[in-house]
Amino acid sequence: MKKIAVFTSGGDSPGMNACLRAVVRTAIFHKIDVVGIVHGYDGMIKDEFIEMDASSVANIIHRGGTILKTARSKEFMTLEGQKKAMVNLLKHGIDGVVAIGGDGTFKGALEFSKMCKIPFVGCPGTIDNDLVGTDFTIGYDTAINTVVEAVDKIRDTAESHDRLFFVEVMGRDAGLIALRAGIGVGAESILMPETKTDIEDLIKRLENGRKNKSSKIIIVAEGDEAGGAFAIAEKVKKRLPEYDTRVTILGHIQRGGNPSAMDRVNSSRMGFAAVEALMNGEKNSMIGIVDKNIKYTPFENAVKHIQELNPDLMRMVDILSL
Ligand code: F6P
């Protein structure tokens, strides 16, 4: 390994900068040249390569977003786009690549590996926590803390007005933000794509809940199969018109902000491990942290989405929300 490239791709997540910093500084320590690719796969196609040194990543460990910018590249999904990307990697003499991103990023890398033999190693950067092979993805901890902070505020006003709130959180395909943030705010119910949402059951729970409760908060993952928070609230309102119901969509606020301490530490560990993995001949695998230890998972397994929800957590949610 004489020269590596690093890029961020897909939806940004707090901690991507900390990960990038770790990649650059670890590479420099091992006397490996490092270039950053701006705008993810799009930048690989359009030749947006920039030299990086230790000071290019100074003062970024605490910043949300990604200084390398990011994109969801349509062109990279085409053979033509991939050919251009490969030509640029070869032109810059790249021996290995660190991809910081989520599911789409690793699926792209896997597809690309059929044509391009330059090894790729991934760091899991997504707030959704929907990758197999790591306990927590980069940005997940910060995102759930953002949700908790926002919903605590909603709880105050919900309590004052005796209202029922439906709060929609991110997670197109996964409900893990909803699950942990929902536990953290003491939600009355958590609706996720992984579990079947039964509106009748939800109505029953609301009717049978403790009578002296003045506020009720239902957390809805955006990908829930019963629809988003507005659609579900509409259905419930029709059946329970006596409730004063409101809907809040938290949206992209969940993707920004300074990374939490946990995200900074995990990102640093994963960026550091990614460079050493490339040096050890690893390819097409994602770095993760499982039970506090670094683990490599092949991209094809990492993107499988089979996140079994912990049944103990699910049982606890029901009991604690009485
Ligand atoms: O993948 C992360 C994520 O934040 C999802 O939770 C969400 O559905 C999606 O990105 C939103 O993407 P965009 O910013 O492109 O609208």
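Numbering of residues starts from 1 in every chain and runs along the sequence as written. Selection of residues for local features in this predicted model requires a pLDDT of at least 70, selection of side-chain atom pairs for listing and counting requires 80 or more, and totals for whole chains, interfaces and linings are taken over all residues. For side-chain calculations, the full set of non-hydrogen atoms in the structure is used, while hydrogens and water are omitted.

S.K.: Where do I start with the pattern of salt bridges in this structure?
M.R.: What makes a salt bridge here is a side-chain nitrogen of Lys or Arg within 4 Å of a carboxyl oxygen of Asp or Glu, nothing more. Tallied over the full model, the rule gives 13 salt bridges. K91 serves as the salt-bridge partner of D47, at 2.5 Å between the closest nitrogen and oxygen. Note that D47 is positioned in the loop between α2 (40-45) and β3 (49-52) and K91 in helix α3 (residues 79-91), a separation of 44 residues in sequence. Only protein chains enter the area calculation, which uses a 1.4 Å probe; residues under 20% of their type maximum are buried, those over 50% are exposed, and those in between are partly exposed. Assessed through its relative accessible area of 28%, D47 is described here as partly exposed. Between K114 and E111 there is a salt bridge, with its nearest N and O atoms 3.0 Å apart. With relative accessibility at 61%, the residue K114 sits in the exposed group. A helix here means a DSSP run of H or I that spans at least four residues, while a strand means a run of E at least two residues long, and both kinds are numbered starting from the N terminus.

S.K.: Please clarify how the site of the ligand should be interpreted in this entry.
M.R.: All residues adjacent to the ligand are R72, I127, D128, M170, G171, R172, E222, H252 and R255. Distance and chemistry together define a polar contact, namely a pair of N or O atoms within 3.5 Å, with one atom able to donate a hydrogen and the other to accept it when in protein, and with adjacent residues in sequence counting only for side-chain atoms on both sides. Contact between the ligand and H252: an oxygen atom at 2.8 Å from a side-chain N or O atom of the residue. Shrake-Rupley sampling with a 1.4 Å probe provides the accessible areas, and residues are treated as covered by the protein chains on show and by no other component. Contact with the protein chains hides 78% of the accessible area of the ligand, taken as 400 Å² for the molecule alone. When at least one non-hydrogen atom of a residue lies within 4 Å of a molecule or strand, that residue is treated as near it.

S.K.: Just to check I follow, could you spell out the packing of aromatic side chains for this structure?
M.R.: Put simply, two rings from Phe, Tyr or Trp (the six-membered ring, in Trp's case) pair if the centres are within 6.5 Å, and we call them stacked under 30 degrees between planes, edge-to-face over 60, tilted for the rest. For the structure shown, the criterion picks out seven aromatic pairs. Ring geometry for F7 against F120: centres 6.4 Å apart, planes inclined by 70 degrees, an arrangement best described as edge-to-face. You can see F7 sitting in strand β1 (residues 3-8) and its partner F120 sitting in strand β5 (residues 120-124), a full 113 residues away along the chain. Accessibility classification places F7 together with F120 in one group, the buried group. Seen in terms of ring centroids, Y41 and F76 are 3.8 Å apart; in terms of plane orientation they differ by 10 degrees. Their pairing is stacked.

Keep in mind these values describe shape, not function.
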